[in-house]
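Residues per chain are reported as follows:
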Amino acid sequence: MTTIGFLGAGRMGTALVRTLLQNGHQVQVWNRTAEKAEALTAFGATAKPTPEEAIGGVDIAIVNLLDYAASDAQLRRPAVTEALKGNLLVQLTSGSPMTGRETGEWATGNGIAYLDGAIMATPDLIGDPGTLVLYSGSRPQFEQYQALFMCLGGKSAFVSEDFGAASALDSAILAQMWGTLFGALQALAVTRVEKIDPDTYATFLKQSQPVIDAATKDLMQRVRDGRDRGDEATLASIAAHNAAFHHLRDIVRDRGINPAISDAFGSLFEAAIAKGHQEDDFAMLARFMVAA
Ligand code: FVH
């Protein structure tokens, strides 16, 4: 089995280390607060007092710290960088596409193979067959250790050799999740001021979900294909959406709901209508999300 040097024993780091140990790998672990690394010895890990000792003589170094600032503060120390040379560094700290690319360039420049990862799960799901962890960077190294990566999440996948690709996908998927969560906050504010029982709302939402899912699928396909003009297959024009949106805006205004979320919706409708797109498809709003 593979010997792994692991930096980080927080909630996620602990879940990752325990899963690696359960799958027969040897893990040397360092954590800023040493007690958390020591706790992992009960599961077969070896606790190390410094990061350079944790990643010395291993096949793979895996990092899962709070952020890239914390990670860089360790990885860029000469003793740690030297210990990494000729090995594979797998970064499982959450980051942006920019930090992924910058770290990939730093690693490559120092003779370190690099994979930038994005964990699309909470610690309790690590090791499950349905768990997704995305990787980007060195394809040969992903393929060499694919079985190890798959033990952390059965749906794990290699995205591309662009070091930033995994984090870009992570942020896009999180954006769609936050859209749903903030939409739920808006909806529950309406149910609250209109004194609608939350469970009643949940029941009718579930019955409406196929309509929401179909509209989301149609939007994503239209944006992909550039079919954003109104056509015979348009489900609802911007004008139709905007007319219904104003009912929400009236509730927000009249019932004292925080307008932050509805203002965001309104700003996109107003921008598109100001440019004469009222009869175009909702997909036309995508043009107002990214400067041409
Ligand atoms: N928890 C989750 O569901 C998400 C799922 C998606 C991926 N994230 C990312 O994983 C990274 C770690 O998150 P976490 O939930 O494990 O966070 P904590 O339990 O707070 O552990 C943080 C570890 O980082 C160490 N640390 C913090 N600051 C420093 C520093 N300046 N120098 C060295 N180490 C530092 C901390 O050490 P300690 O406090 O125990 O001494 C923990 O080991 C994160 O990127 C999530 O976005 C998790």
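Residues numbered from 1 in each chain as written. Predicted model: local features only at pLDDT ≥ 70, side-chain atom pairs only at ≥ 80, totals over all residues. Heavy atoms only, no water.

S.K.: Just to check I follow, could you spell out the site of the ligand for this structure?
M.R.: By nearness alone, 19 residues border the ligand, and Met12, Asn31, Arg32, Thr33 and Lys36 come closest of all. Asparagine 31 is positioned such that a nitrogen or oxygen atom in its side chain is 2.6 Å from an oxygen atom of the ligand. At 3.0 Å, a backbone N or O of serine 94 approaches an oxygen atom of the ligand. Protein chains bury 76% of the 900 Å² of accessible surface belonging to the ligand in isolation. Here the ligand is seated within the second largest pocket. Grouping the amino acids of the shell around the ligand by side-chain chemistry returns 8 nonpolar, 8 polar and 3 charged. (Near = heavy atom within 4 Å. Polar contact = N/O pair within 3.5 Å; in protein donor to acceptor, adjacent residues only side chain to side chain. Areas by Shrake-Rupley, 256 points an atom, 1.4 Å probe, with all protein chains shown as cover. 1 Å grid on protein atoms, 1.4 Å probe; cavity = no way out; pocket = protein on both sides within 12 Å on 5 of 7 lines; lining within 4 Å. Sits in = over half its atoms within 2 Å of the grid points. Nonpolar A, V, L, I, M, F, W, Y, C, P; charged D, E, K, R; others polar.)

S.K.: In this structure, what is going on with the layout of surface pockets? I would like to understand it.
M.R.: Empty space among the atoms becomes apparent when a probe as large as a water molecule is rolled across them. Within this model, the largest pocket holds a volume of roughly 2,100 Å³. In this structure, the largest pocket is lined by 40 residues; those nearest its centre are Gly179, Ile212, Thr216, Phe265 and Phe282. Listed by contribution, the elements that provide at least two residues to the lining of the largest pocket are α9 (165–193), α10 (198–225), α11 (238–255) and α12 (260–274). Per-element accounting of the lining of the largest pocket gives the leading share, 12 residues, to α10. When grouped by side-chain class, the residues that make up the lining of the largest pocket number 28 nonpolar, 9 polar and 3 charged. Along the walls of the second largest pocket sit 28 residues, with Gly10, Met12, Asn64, Leu65 and Leu66 positioned nearest its centre. Looking at the lining of the second largest pocket, the elements that each hand over two or more residues are α1 (11–22), α4 (68–75), β6 (113–119) and α9. Here the element with the most residues in the lining of the second largest pocket is α9; it accounts for 4 residues. (Points joined across faces, edges and corners; volume = space filled by probe spheres on them. Helix = DSSP H or I, 4+ residues; strand = E, 2+ residues; numbered from the N terminus.)

S.K.: What am I meant to see in the pattern of salt bridges here?
M.R.: Pairing of side chains with opposite charge becomes possible as their charged atoms draw close. In total, this model carries 18 salt bridges according to the counting rule given. Across the pair aspartate 231 and arginine 222 runs a salt bridge, and its minimum N-O distance is 2.6 Å. Under the relative-accessibility criterion, arginine 222 is labelled buried at 0%. Across the pair aspartate 250 and arginine 253 runs a salt bridge whose closest N-O atoms are separated by 3.2 Å. Residue aspartate 250 and its partner arginine 253 are both found in helix α11; the two are separated by 3 residues, about one turn of the helix. Under the relative-accessibility criterion, aspartate 250 is labelled partly exposed at 30%. Linked through salt bridges whose partners overlap, the residues forming this network are Asp218, Arg222, Asp231 and Asp281. (Salt bridge = Lys/Arg side-chain N within 4 Å of Asp/Glu carboxyl O. Buried < 20%, exposed > 50% of the residue type's maximum accessible area, 1.4 Å probe, protein only.)

Everything listed is a geometric property; what it means functionally is a separate question.
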